[in-house]
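# Breakdown of the fold
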Amino acid sequence: MGTEESNYSQINPKRCKGCAACVVACPHGCIEIGSEINQMGYQFARFAVRKCIACGMCFYSCPEFGAITVFKKPRKGA
Amino acid sequence: MHTIKHQKARSLYPTFDRKAPGADVSHYCPGCGHGTVHNLIAEAIDDLGIQDRTIFCSPVGCSVFAYYYFDVGNIQCAHGRAPAVASAIRRTHEEAIVISYQGDGDLAGIGMSQIVHAANRGENITVFFINNAIYGMTGGQMAPTTILGQNTVTTPAGRLAANEGFPVGVAEIINSLQAPVFVERVSLAGPVKVMKARMAIRKALRNQVEKKGFSLVEILSPCPVNWKMTAVESRRWLENNLEPVFPVGNLRDLPKGPFDQVDKKKARISDRKILEILGVGEEEVHTGTVRLKEEQNFKIAGFGGQGVLSTGILLANCAIAEGLKTTWLPSYGAEMRGGTANASINISHETIGSPIVSFPNALMVMNLPSLDAFEDTVRPGGAIYVNSSLAPRKVRREDVTAYHIPASDIANDLGGIQCASVILLTVYALVSGAITIETLQKVIPLAIKRKNLVDLNMRAIEVGIAWHRENCPKEEKTTEV
Ligand SMILES: Cc1ncc(C[n+]2csc(CCOP(=O)(O)OP(=O)(O)O)c2C)c(N)n1
Ligand code: SF4
Ligand code: SF4
Ligand code: SF4
């Protein structure tokens, strides 16, 4: 995913029901619904665009438990 | 190194084993608002540091299984009754943080009176009201909050005011009462609104931690499945259709309630005071000398009207006066007189787990049907006290001790058939040693109001003592009389 230098939101495919609440919640269009299908039969969401500001909008909008975890990039010089 | 900014709350279990061990998804439909609200509440519980003292009262509805998700104390309540359960917990568990989580069918339909009264009493609890304008769990029937024109299974042509009335504004109703401190309506229609909901949920819980009083947050929440749309469409529909009917915003946020929760506690009447008002127990009997040979599992049975239940209460009160632990559990038919009745009394030095007595070690039967019904339930080595006036056969069991006492005949001679059970109880007291005669003599005047009946029962005790002296050899274990 090439997220070493940016914030990102990690979506656990096994916990995602593909509702797309996170997709419409993200102010930077970082998340999309992929084409793969998970074990429950849902087309799950995935983090796709590296413009994440770690705002947590996707996280708070998601109705599942722990489907999304948001990571903040390392601080400069850290 | 990346750092975690937002992650699953600690107050949610790592896995949810309802469906299968290790499962980690909810049972909610994709895009359901319940899950979002659960996450927000769990995060607030974490941040306030109240996980180990939170008690979550879940409703009937789609969120009936909330206890599979929240790693806190949980009670699943009868439909609409969560506020009553929460009130009871509030008043018995001072440090508990009590959450009542309810849907619109639960809170505004079947449970409307519960929520109004809990709010009106200003219970220091937090209510999260999930308004999805429909009955989710049962398949999409009209709810009190269904909006006009909305199609549901039970309003297929749309809700009509003339037929089904208007949608009920719960936040407004609660805000019309004096006692609540915090009432806010929020929406899950979009991420910014979700963040507002998050703030309201935190505030409503913090109020309780600070013992401010009753807080309610109404949350407009999508039910995509029963609204028959996608999760994304449902959020748009919520914004365009529910929000105009149920305006979001804070309706009340008081710095403190109309009464201080400490005053509320002080306002409670003590048990002692209640007894005083009722005119009983002015004179507290407390002897506390008895050492039980064994825990007493006592059953008394007879016709209704033979004093079965009241004799049971008398025994339990004597046990209390002895400083023992006791329970009294009555069982009777619908008829006040003439039916069958029995009462179970446990007496112990230890806390009693269950009030039920299935296999007594002491049985008192006032008539033949009761002897027939319960003789076989007595534990080997136990005792049966028979009113032989009305149960004229002998006890058949050989592994129990039987006392056949013509109590009704003796009582009749004494001047009142009502005291038959006290004659038997006296013999039981002397044989078992569970209560003393002295205690019985002190408790009877407190338990019986009419003076002439007190005298009658005092004489019954004397007769019981005499019967025991004449019929029971010194070592009571040898008796078969
Ligand atoms: C005493 C009783 N009456 C009726 C029902 C059937 N019932 C189960 S859930 C429900 C309504 C739930 O609707 P709501 O409170 O809006 O919760 P939701 O499922 O939408 O979250 C009803 C009527 C019941 N379980 N118990
Ligand atoms: S944290 Fe914010 S910016 Fe990042 S993916 Fe989620 S919603 Fe988008
Ligand atoms: S909001 Fe959650 S469940 Fe819905 S698509 Fe996004 S990650 Fe999946
Ligand atoms: S029926 Fe509605 S309220 Fe119930 S789980 Fe599904 S979406 Fe949620």
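Just so it is clear, the structure is predicted and the values come from calculations on it, not from any experiment.

What follows deals with the domain arrangement of chain B. What the domain assignment reports for chain B is domain 1 (34-264) and domain 2 (274-471). The C-alpha centroid of domain 2 of chain B is placed 50 Å from the C-alpha centroid of domain 1 of chain B.

All right, on to the interface of chain A and chain B then. Reports often express the size of an interface as the amount of accessible area lost when the parts come together. Each partner contributes residues to the interface: chain A has 33 residues there, and chain B has 34 residues. Summed over both sides, the interface of chain A with chain B buries roughly 2800 Å², with 64% coming from carbon and sulfur. Taken together, the links from chain A to chain B amount to one salt bridge. Viewed at the interface, chain B and chain A are joined by 14 residue pairs in polar contact (both at pLDDT 80 or more). Counting only elements with at least two residues in the side of chain A that touches chain B, the list comes to α1 (21-25), α2 (57-61) and β4 (68-72) of chain A. Per element, the largest residue contribution to the side of chain A that touches chain B is five residues, and it comes from β4(A). Its residues placed into classes, the side of chain A that touches chain B shows 20 nonpolar, six polar and seven charged.

Attention shifts here to the sheet that holds strand β14 (residues 401-405) of chain B. Residue and element names in this part refer to chain B. One open sheet accounts for six strands, arranged β10-β11-β9-β12-β13-β14; its pairing is mixed. Of all strands in the sheet, those with a lone pairing partner are β10 (325-332) and β14, marking the two edges. This sheet shows a mean twist of 10 degrees between the axes of neighbouring strands, independent of strand direction. Sitting on the sheet, helix α12 (residues 308-321) touches β9 (296-303), β10 and β11 (340-348), and the angle it makes with β11 is about 10 degrees.

What counts, and at which threshold
- Numbering of residues begins from 1 in every chain and follows the order in which that chain's sequence is written.
- The order in which chains are written sets their letters, starting at A; the order in which ligands are written sets their numbers, starting at 1.
- Confidence filtering applies because this is a predicted model: local features only for residues at pLDDT of at least 70, side-chain atom pairs given and counted only at 80 or more, and all residues used for totals across whole chains, interfaces and linings.
- For the side-chain quantities, the full set of heavy atoms in the structure was used; hydrogens and water were omitted.
- Domain segmentation is taken from an automatic or database assignment of domains.
- Contact criterion: two residues are considered in contact whenever any of their non-hydrogen atoms come within 4.5 Å of each other.
- In short, buried area is how much 1.4 Å probe accessible area vanishes from two parts on joining, totalled over both.
- Counted as salt bridges are all cases of a side-chain nitrogen of Lys or Arg within 4 Å of a carboxyl oxygen of Asp or Glu.
- Think of a polar contact as two N or O atoms within 3.5 Å of one another; within protein, one of them needs to be a possible hydrogen donor and the other a possible acceptor, and neighboring residues in sequence only count if both atoms come from side chains.
- Put simply, DSSP marks the helices as runs of H or I at least four residues long and the strands as runs of E at least two long, and each gets a number from the N terminus on.
- Residue polarity follows a fixed list, in which Ala, Val, Leu, Ile, Met, Phe, Trp, Tyr, Cys and Pro are nonpolar, Asp, Glu, Lys and Arg are charged, and the others, Gly among them, are polar.
- The rule for pairing is simple: two strands pair if DSSP sees at least two bridges between them.
- Think of each axis as a best-fit line through the C-alpha atoms, taken over the contacting stretch in the case of a helix, with angles from 0 to 180 degrees between the N-to-C directions.

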